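Here's the letter readout for the chains.
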Amino acid sequence: MRLISTRLLRVCMVVSMASLLGACAVPLRIGLKPEERSKITALAAHVVIVQDEVIAAVQPPNAGAATGGLIGAMIDASIANSRVKESQQALGSFYAVIGDVDYRKEFNDAIRSELANYQIKVATVTTTPRAVNMDILAKLRNQLPPGQALLLIHPRYSLTADFRNFDAESHVSIWSRSDSPSAAGSMNVPIQRSVLYFQSQPVGAGGKKSLDIWGAQDAALFRSTMRESITETLRMALIDLDVAVEPVAKTGSLEEFSFNNGTITTKLKGQVVKDGDTRAIVLASDKKLYSLARPSRSASTAAAQ
Amino acid sequence: MKKNVLISSCLGAALMLGMASVASATSTDYGSKVDMKYDRGARETYALQPYQSTCPVHIVLTEDARQNKETIGQSGSGALLTGDIGRWVADGLIALKDYGYVVDETSSLDPPAAGITVKTSLTRAYTWHLSVKIFSMVALKAQFIDRNGVLQEKYYRAHGDKSNMWGADSEYVTTMNYGLNNLLPAVARDLQSLCKGQKVDAYTYSGPEEVTKK
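Residues numbered from 1 in each chain as written. Chains lettered and ligands numbered in written order. Predicted model: local features only at pLDDT ≥ 70, side-chain atom pairs only at ≥ 80, totals over all residues.

Draft legend 1. Structural detail: the overall build of chain B. Across its full length, chain B carries 3 helices and 11 strands. Walking chain B from its N terminus toward its C terminus, one meets helices and strands in the order α-β-β-β-β-β-β-α-β-β-β-β-α-β. Considering only contacts in chain B between residues 6 or more positions apart, those separated by 24 or more positions represent 75%. (Helix = DSSP H or I, 4+ residues; strand = E, 2+ residues; numbered from the N terminus. Contact = placed C-beta atoms within 7 Å.)

Shown next as structure tokens:
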């Protein structure tokens, strides 16, 4: 009994810590100020890809938020367990087909060529599975040559919980040397920060039917979509420095796009900052920069409604 | 937008803010070197019942064929560094003796005079987070050799999960052991057929519930 109580207390502590972390104070999007930009002669790109393969973005339930406290957290954990088991069972044979897929290598190959066109010269590129903590970040910043800044890219990728979409979200930030405080006045705040989000075209009707399509012909569609996600992420990165901090409605309203959150298709409002034949890059109201498939774009705008 | 995305974001933020965690492993300048030791007692359920009819099983040291041989994921303190973990898997396979098999180690890939030689390569071994849980994934390619040569090649995957109690790096190793120990019952069950020269399914996935389904 005492052991159970102790374990419950530990879980509670973890939950409390997670709640505290929810109050993330650093803005999601920080624009690079001209005075900071002028100081940078080159960037050292550091790409952190912790994941070894695609996972399903299984969503934990929200019982913890509804009921609060330990009981809610335990219900959450139990349901999360069940959902992961279901998704892993479904993904099993698909994983057998994509065993040779190496997202890290694909990203590394792409970034070396694509960043040659970046607005700021990229002096070095490092791609690693090793997560960065505060000490490592400080070390990376301290070893920068004068004039260089650190470009930190942290991509994550997944299939939506219904397996219909391939998503990739990258946290991008630029850090000055640690002895050169940013204009924001804090040593621990990047001089630029953004979140780049790719969502593919929806594939199939969901569940096993979608997985069968992704996995057909040696997972040809999955492989090409994964490469597309990398290309689009880097495309967003290339224009990111010119994009405003917040979306601006040119005609009095923002456009609406369809977005699959894994459970339902929702509407996402934003400003189109780059339009293409098949995809649009959109600065959304949540301040993330999205690359969304154009056929999924709603023909109407909020204003037209 | 999504709670798991929020948690992931905040975990990232926590890393940036230098969240302290309990780490029992050796600290390096780039994360913590975790002690990847096989633990036959790290199980999610206990349902081990030795098989009555078995054959000798010869284990070849597992090849670590992961694309990423550096890490098994990340904890609150940073990267979970490993290096080659072929020994960890081989030690797990040697625990097939818990299922009634007589197990020894061999370096020979020649057809054995008796029983089955098991040659394996580890293709995936990693952990990830969801809610307050740690999950692990272990993927293994196996080649079964009997006295007539290669009898069958097979692919196994298994996952394990546990509540993240302390954020300690050792908990990630425990979760990895859960995954490996969830995979072993499938191997043990297959060996029942392989020992008789009969082929089995080319792929098996097993989660925690597999242990009780022998």
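Draft legend 2. Structural detail: the overall build of chain A. The secondary structure content of chain A amounts to 7 helices and 11 strands. Across chain A, contacts joining residues at least 24 apart in sequence account for 69% of those joining residues at least 6 apart.

Draft legend 3. Here's a closer look at the confidence of the model for chain A. All names here are of chain A. Mean pLDDT over chain A: 82, with 79% of residues reaching 70 or higher. Below a pLDDT of 50 lies the segment residues 1-24, which in the model reaches 25 contacts outside its immediate sequence neighbourhood of four places, other chains included. Long-range and interchain partners of residues 296-305, a stretch whose pLDDT sits below 50, account for 20 contacts in this model, where long-range means more than four residues apart. (pLDDT = per-residue confidence, 0-100.)

Draft legend 4. Structural detail: the confidence of the model for chain B. All names here are of chain B. In the predicted model, chain B carries a mean pLDDT of 84, and the fraction of residues at 70 or more is 82%. Across residues 1-28, where pLDDT falls below 50, the model places 64 contacts with residues more than four positions away in sequence or in other chains. In the predicted assembly, ipTM is 0.83 and pTM is 0.84.

Draft legend 5. Local environment of unusual backbone geometry. Residue and element names in this part refer to chain A. In the Ramachandran plot, Gln-217 falls in the positive-phi region, its phi being about 50 degrees despite a non-glycine side chain. Exposure remark for Gln-217: the 10 C-beta atoms within 10 Å place this residue in the exposed category. Look at Lys-287: it is not a glycine, yet its phi comes out positive at around 75 degrees. Inspection of the secondary structure puts Lys-287 in the loop between strand E9 (279-284) and strand E10 (289-293). Take Lys-287: there are 18 C-beta atoms within 10 Å of it, and that puts it in the partly exposed class. (Buried ≥ 20, exposed ≤ 12 C-beta atoms within 10 Å, placed from the backbone.)

Draft legend 6. Representation of the nonpolar core in the model. Ranked by size, the top nonpolar core spans 114 residues in total, and within it Leu151(A), Val138(B) and Leu183(B) carry the most contacts. With 11 residues, the single largest contributor to this core is helix H3 (residues 169-194) of chain B. The contacts of Leu151(A), once residues within four sequence positions are left out, are Leu43(A), Ala44(A), Ala45(A), His46(A) and Ile174(A). (Core = buried A, V, L, I, M, F, W, Y, C linked by C-beta atoms within 7 Å.)

Draft legend 7. Geometry of the packing of helix H5 (residues 103-114) of chain A against helix H7 (residues 208-240) of chain A. Residues and elements named next belong to chain A. It is the contact of H5 with H7, at a shortest axis distance of 10 Å, that shows an interaxial angle of 35 degrees. Between H5 and H7 the crossing geometry is right-handed. For the pair H5 and H7, contact is made by Tyr-103, Glu-106, Phe-107, Ala-110, Ile-111 and Glu-114 and by Met-226, Arg-227, Ile-230, Thr-231 and Leu-234, respectively. In terms of residue class, the contact of H5 with H7 is built from 7 nonpolar, 1 polar and 3 charged. (Axes fitted to C-alpha atoms, helices over the stretch in contact; angles between N-to-C directions. Left-handed = near helix turned anticlockwise from the far one by under 90°. Nonpolar A, V, L, I, M, F, W, Y, C, P; charged D, E, K, R; others polar.)

Draft legend 8. Molecular detail of the environment of Ala45(A). Position of Ala45(A) among the secondary structure elements: in strand E1 (residues 42-48). Taking the C-alpha atoms as reference points, Ala45(A) and Ala219(A), 174 residues apart in sequence, are found 30 Å from one another.

Draft legend 9. View of H7(A). Helix length check: H7(A), at 33 residues, gives a terminal C-alpha distance of 36 Å against a target of 48 Å (1.5 Å per residue), a shortfall beyond 12%. Considering bend angle alone, the principal kink of H7(A) is centred on Asp218(A) and spans about 120 degrees. (Expected span 1.5 Å × (residues − 1). Bend = angle between axes of the 7 residues up to and from the residue.)

Draft legend 10. Fine view of the pairing of strand E6 (residues 78-81) of chain B. Residues and elements named next belong to chain B. Pairing between strand E5 (residues 71-75) and E6: 3 bridges, direction antiparallel. By the bridge assignment for E6, Thr-71 is matched with Leu-81. Between E5 and E6, which pair antiparallel and follow one another directly, the connecting turn spans 2 residues. (Pairing = 2+ DSSP bridges.)

Draft legend 11. Layout of the environment of Ile153(A). Residues and elements named next belong to chain A. Here Ile-153 lies in strand E4 (residues 148-160). Through-space distance from the C-alpha of Ile-153 to that of Ala-116 is 16 Å; in sequence the pair is 37 residues apart. Beyond its immediate sequence surroundings of up to four residues, Ile-153 is in contact with Ala-45, Val-47, Ser-170 and Val-172.

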